[in-house]
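# Structural description and commentary
Chain residues, written in single-letter form:
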Amino acid sequence: QVQLVESGGGWVQAGGSLRLSCAASGSGISINAMGWYRQAPGKQRELVARITTGITNYADSVKGRFTISRDNAKNTVHLQMNSLKPEDTAVYYCNAGYYSSGWYRDAWGQGTQVTVSS
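Residues numbered from 1 in each chain as written. Predicted model: local features only at pLDDT ≥ 70, side-chain atom pairs only at ≥ 80, totals over all residues. Heavy atoms only, no water.

### As for the pairing of strand β4 (residues 30-39)
Just so we agree on the cut-off: Buried residues are those whose accessible area, probed at 1.4 Å on protein chains only, stays under 20% of the maximum for their type, while exposed residues exceed 50% and partly exposed ones sit between those limits. Only DSSP runs of H or I with at least four residues qualify as helices, and only runs of E with at least two residues qualify as strands; both kinds are numbered from the N terminus onward. Between any two strands, at least two bridges found by DSSP are needed for them to pair.
Of all ten residues that make up β4, seven are buried, and the element is covered over most of its length. Two elements, β4 and strand β9 (residues 90-100), share nine bridges in a ladder whose sense is antiparallel. Paired with glycine 35 across the bridge in β9 is asparagine 95. With five bridges connecting them, β4 and strand β5 (residues 46-52) associate as antiparallel partners. Across the sheet, residue arginine 38 finds its bridge partner in β5, namely glutamate 46.

See the structure below:
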């Protein structure tokens, strides 16, 4: 089983930057994909960015402003968020897709709040 621990959320003014980090831990696992999702009040959880081996995907709303990166050796993923907008305000969740005992599973972090004021 994979445990995910997030850090780096907080409050920032519009136009500012934040960097989210997520560390995965667990034994006997092989992590395939890692990513970030977010959920704003009253809205569904949505994909922000995702990274697998050599491939990154971004939501259209964050392209050019957010950058996802991954350290495979440390099983960590980061989300650099620049030019933040009030509409980026949400709880951000780290996600990992991994293989364990031959099964593909999903793990989620506890979430970290990002608040962008106008």
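### Notes on the nonpolar core
Quick reminder of the rule: The term nonpolar core refers to a set of buried residues drawn from Ala, Val, Leu, Ile, Met, Phe, Trp, Tyr and Cys, joined through side-chain atoms within 4.5 Å.
Ranked by internal contacts, the top residues of the largest apolar core, which has 31 residues, are Leu4, Met34, Trp36, Leu79, Met81 and Tyr92. Among the elements of the structure, β3 (18-25), β4, β5, β7 (66-71), β8 (76-81), β9 and β11 (112-117) are those that each provide at least two residues to this core. Examining the composition of this core, we find that five residues originate from one element, β9, more than from any other.

### Describing the side chain of threonine 52
The criterion, for reference: The contact criterion used is simple: two residues touch if any of their non-hydrogen atoms lie within 4.5 Å.
Examined against the element boundaries, threonine 52 turns out to sit in strand β5. On the basis of relative accessible area, threonine 52 is assigned to the buried category, the value being 17%. Those residues in contact with threonine 52, other than ones at most four positions away along the chain, are Asn32, Ala33 and Arg70.

### Examining the pattern of salt bridges
Test applied: Salt bridges are defined as contacts in which a side-chain nitrogen from Lys or Arg sits within 4 Å of a carboxyl oxygen from Asp or Glu.
For the coordinates displayed, the defined rule picks out four salt bridges. Between glutamate 46 and arginine 38 there is a salt bridge, with its nearest N and O atoms 2.7 Å apart. Among the residues examined, glutamate 46 registers a relative accessible area of 36% and is labelled partly exposed. Arginine 38 sits in the buried class, given a relative accessible area of 6%. Across the pair aspartate 88 and arginine 38 runs a salt bridge whose closest N-O atoms are separated by 3.0 Å.

### Notes on the sheet that holds strand β1 (residues 3-7)
To be explicit about the condition: As a rule, the C-alpha atoms of each element are fitted with a line to give its axis, helices using only the stretch in contact, and angles between N-to-C directions run from 0 to 180 degrees.
In space, the four strands of this open sheet follow the order β1-β3-β8-β7, with antiparallel pairing throughout. Both outer strands of the open sheet, β1 and β7, are each paired with one neighbouring strand and no more. Across this sheet, the average inter-strand angle for adjacent strands is 15 degrees, counted without regard to direction. Where β3 meets β8, six bridges bridge the pair, whose relative direction is antiparallel. The partner of serine 21 across the bridge, within β8, is histidine 78.

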